[in-house]
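Here is how the chains run, residue by residue.
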There are 2 protein chains.
Amino acid sequence: MTLPPDLVRQDCSDCPIRHRAVCARCEPDELTRLEEMKFYRTYEAGQTVAWAGDQMDFVASVVSGAATLTQTMEDGRRQMVGLLLASDFVGRPGRSGASYDVVAVTDLVMCCFRKKPFEQMMVTTPHVAERLLEMTLDELDAAREWMLVLGRKTAREKIASLLAIFAHRDAVLGPKHTRTVQFELPLTREAMADYLGLTLETVSRQISALKREGIIVLQGKRSVVVPDLDVLMEQAGDDSDGGLLI
Amino acid sequence: MTLPPDLVRQDCSDCPIRHRAVCARCEPDELTRLEEMKFYRTYEAGQTVAWAGDQMDFVASVVSGAATLTQTMEDGRRQMVGLLLASDFVGRPGRSGASYDVVAVTDLVMCCFRKKPFEQMMVTTPHVAERLLEMTLDELDAAREWMLVLGRKTAREKIASLLAIFAHRDAVLGPKHTRTVQFELPLTREAMADYLGLTLETVSRQISALKREGIIVLQGKRSVVVPDLDVLMEQAGDDSDGGLLI
DNA sequence: AAACGATGTTGATCTGCGTCAAAGCGCAGG
DNA sequence: CCTGCGCTTTGACGCAGATCAACATCGTTT
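Being a predicted model, the structure only gives us computed values, none of them experimental. (Residues numbered from 1 in each chain as written. Chains lettered and ligands numbered in written order. Predicted model: local features only at pLDDT ≥ 70, side-chain atom pairs only at ≥ 80, totals over all residues.)

Draft legend 1. Molecular detail of the protein's contact with DNA strand D. Every one of the 16 residues lining DNA strand D counts as a neighbour, but Thr-188, Arg-189, Ser-204 and Ser-208 of chain A together with Thr-202 of chain B are closest to it. Among the secondary structure elements, those contributing two or more residues to the surface near DNA strand D are α5 (189-196) and α6 (200-212) of chain A together with α6 (200-212) of chain B. When residues in the surface near DNA strand D are grouped by element, the largest group, six residues, is from α6 of chain A. In terms of residue class, the surface near DNA strand D is made up of four nonpolar, six polar and six charged. (Near = placed C-beta within 6 Å. Helix = DSSP H or I, 4+ residues; strand = E, 2+ residues; numbered from the N terminus. Nonpolar A, V, L, I, M, F, W, Y, C, P; charged D, E, K, R; others polar.)

Put into structure tokens, the structure is as follows:
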């Protein structure tokens, strides 16, 4: 699932967005057009970006921070259906409203493009349209990967799978020859539970168990050190690399 | 989630494919090009169309029958991640291999397009590229809808949700003023279990319970009559119409 | 018609995770 | 400094659904 090198060739001007960016592959003049329709938005942790059904007049890439996409049933049961980390894209060209509740779970900076001109650009610029299809296919793969987690994995495997995602996406790597990584959990226990189809108590218990067994080390509540990533991946009961998730 | 009327304007020549078809919106000369790269394949129930990782040299629409996309863990746990019914599209332009096991679960007819020329056509024909993005977005919505089912619904709600999908997609409707529908189950109990993240015993028990309560009536093992669709939908614990699933 | 395999049903028992409850921890505000 | 609040941890208990097992049904083969 790593992108071919030519996709990281171009950066989104001053955005620190490198891979998965819509503007990868764009020519200089196309980048200029993107620049013109670009603006930034910031949200505080806990703030709602959009409710399901709201008009969204922009599409965006996450610059820093994390946001979640969630669905809620009438009786309050919630399921997270997407997790947006740095460089992820959100918004549906050709669809007016948000399909899910979008909530910032940490302080969040997004690089936004007004939807109208962005859609016009898509029509004329095959690069952008292609890239968007690719990104959507990646998201679809990630969603389907997650269906396996939700439908068939045990609580412990679910937690390990989620930690593996953070380890791959946000991790500070240790010395190259080790498999040690360190990262900050962007989610509360409750949000993790919503992602994994568990209760927050079960999430807490499983994390405690992993800690007790030395598979992870906690520094405070949110900072996680994984002494050996291979050992964690074993717990996820998985052949994939955990890198699929969007 | 019903498509706007202009999308059902054009048919795929002699294919009985109407909505969701790639060729909806195409001009006559574009349809001619599609005709040239088109061919049919048939599979028997149980036959494998492609294993995950296999090269697939075509993309296709289902003409009749049903197929499933499944993922399998090393220890044999399986999760279905997609269900292909008449008019659904399968195959990823721009990706060489199948991402999942594709298996015909009933006798299956597919209208295939050779991948190479199809991809070339995508580049030059915005209709097709647009339509493909739309279809992929629909699939993504369906996958996310299903994440809620897998993560948060009870066994009974899961079964009702699945029956509701068949009722919406494949049903023979009763007299217009009633909410009675009738359809054939394309899946075995085991396949339903794989879709729902349950065991086949639980599926069987829940179907028996729905039968006992008169919410469904079985004629043989596979033919289902739903006397009142609203009553079934209530059991699904859901606000959506069950029509999202691809 | 007997034998067989694939599919489905039903019962008895077990267990992983949910539910309910209480208490610990860290931090912002008075 | 204390207080209150949001988040987390831990314990006790119960239940939905998994597991194990037996049997029923039906279509196919011989």
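Draft legend 2. Region of the structure containing the protein's contact with DNA strand C. Among the 16 residues in the neighbourhood of DNA strand C, the closest are listed as Thr-154, Ala-155 and Thr-202 of chain A together with Thr-188 and Ser-208 of chain B. Mapped by element, the contributors of at least two residues to the surface near DNA strand C are α6 of chain A together with α5 (189-196) and α6 of chain B. Among the residues forming the surface near DNA strand C, the class breakdown is four nonpolar, six polar and six charged.

Draft legend 3. The environment of Ala-142 of chain A, seen in detail. On the secondary structure map, Ala-142 of chain A appears in helix α3 (residues 126-152). The spacing of Ala-142 of chain A and Asp-228 of chain A is 86 residues in sequence and 24 Å in space, taken between C-alpha atoms.

Draft legend 4. Seen up close, the domain arrangement of chain A. All names here are of chain A. Split into domains, chain A comes out as domain 1 (5-149) and domain 2 (154-235). Across the contact, 11 residues belong to domain 1 and 10 residues belong to domain 2. For the side of domain 1 that touches domain 2, the secondary structure elements donating two or more residues are β4 (67-72) and β5 (78-84). A per-element tally of the side of domain 1 that touches domain 2 places β5 first, with four residues. (Domains from an automatic or database assignment. Contact = placed C-beta atoms within 7 Å.)

Draft legend 5. The interface of chain A and chain B, seen in detail. Chain A puts 31 residues into the contact, and the matching count from chain B is 31 residues. Listing elements by their share of the side of chain A that touches chain B, those giving two or more residues are β5 and α3 of chain A. Among the elements that line the side of chain A that touches chain B, the one with the most residues is α3 of chain A, at 18 residues. Residue composition of the side of chain A that touches chain B, by class: 14 nonpolar, eight polar and nine charged.

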